[in-house]
Amino acid sequence: MLEAIGVSRRYGWRWALKDLNLSVSPGETLALLGKNGSGKTTLLKTLAGLLKPTQGAVRLSGQPISREAKGRIGLLSHEPMLYEGLTVRENLEYFARLFDVEREEMLTRVDLLAGTLEIEERLDEPVRVLSQGFRQRAAFMRTLLHTPEVVLLDEPFSGLDTNAVQRLESVIDLMRDLREYIVVFTTHDLSKAFEMAERIAVLAGGRLVYEEDVENSSEEDVSAAFDEYAGGSA
Ligand code: ADP
């Protein structure tokens, strides 16, 4: 289980997250919605252990996010974290070494992910020549290469064409068939949230203002939560 317990985070004098409590279980996908500046990216980075909460704590399986626990987490952020001058395959080999993934395992994993993402023919091209859609596919491979238990995806589908979106969705489906992942993704797309997640949470001004299972929720409820808290600050 991944938990945020009373998490607050401040940048200078400004609170980006305020007293946030959240837990996500293995096998569960949570969609995180909220306007720009509501704290979504800060929350994902905090859950990933990249940012320390100013107050409160993040725990994975009851433990603080240690160096070792970071190896159990995959984060896809706005920065693709790929080396432009290296090919996709070289990038993956580099990250595999960083995460101590054995070569055999890496090769099997690359085959599986590249096949599902339909990126096989681009693996030996440098990242800098790739379209946005193929960069995102490569970034997905990097995120999932070390078989993390926790997958945190910041706006994974934004700015992509339909084909790339479909490939990314099928890799998420594939992962969910392989293992009980904890998945948290942020999105602006309400229908995508309902299509992919079991639970929806809405952030406004750094606070969690709505949280509900998809089966007990509707797009109208979520929109109402958005409108009610529009412009609210932490
Ligand atoms: P979202 O992902 O929902 O757009 P963010 O987490 O990026 O929201 O930002 C939440 C708030 O924190 C915003 O007010 C933003 O301006 C502020 N913020 C984010 N990153 C920084 C930073 N590195 N330094 C200062 N303020 C930041």
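Small disclaimer: the values here were computed from a predicted structure and weren't measured.

**Student:** Sorry, what's going on with the side chain of serine 217 here?
**Tutor:** Relative to the assigned elements, serine 217 resides in the loop between β10 (207–213) and α8 (219–228). On the accessibility criterion, serine 217 (12% relative accessible area) is buried. Side-chain polar atoms of serine 217 contact the side chain of tyrosine 210, separated by 2.7 Å. Once you skip the residues sitting within four places of it in the chain, serine 217 turns out to touch Phe194, Tyr210, Glu212 and Val222.

**Student:** What exactly am I supposed to notice about the pairing of strand β2 (residues 14–24) here?
**Tutor:** The two faces of the sheet receive side chains in turn, since in a regular strand these alternate between them. The pairing of strand β1 (residues 2–11) with β2 spans seven bridges and is classified as antiparallel. From the neighbouring strand, glutamate 3 faces β2, where its bridge partner is serine 23.

**Student:** Would you take a moment to explain the site of the ligand for this structure?
**Tutor:** Taken together, Tyr11, Arg14, Ala16, Lys35, Asn36, Gly37, Ser38, Gly39, Lys40, Thr41 and Thr42 are the residues near the ligand. In the model, an oxygen atom of the ligand is placed 2.8 Å from a nitrogen or oxygen of the threonine 41 side chain. For the ligand, whose unbound accessible area comes to 560 Å², protein coverage reaches 60%. Those elements that place two or more of their residues in the shell around the ligand are β2 and α1 (40–47). The element best represented in the shell around the ligand is α1, accounting for three residues. Considering only residue class, the shell around the ligand consists of two nonpolar, six polar and three charged.

About the thresholds
Residues numbered from 1 in each chain as written. Predicted model: local features only at pLDDT ≥ 70, side-chain atom pairs only at ≥ 80, totals over all residues. Heavy atoms only, no water. Helix = DSSP H or I, 4+ residues; strand = E, 2+ residues; numbered from the N terminus. Buried < 20%, exposed > 50% of the residue type's maximum accessible area, 1.4 Å probe, protein only. Polar contact = N/O pair within 3.5 Å; in protein donor to acceptor, adjacent residues only side chain to side chain. Contact = heavy atoms within 4.5 Å. Pairing = 2+ DSSP bridges. Near = heavy atom within 4 Å. Areas by Shrake-Rupley, 256 points an atom, 1.4 Å probe, with all protein chains shown as cover. Nonpolar A, V, L, I, M, F, W, Y, C, P; charged D, E, K, R; others polar.

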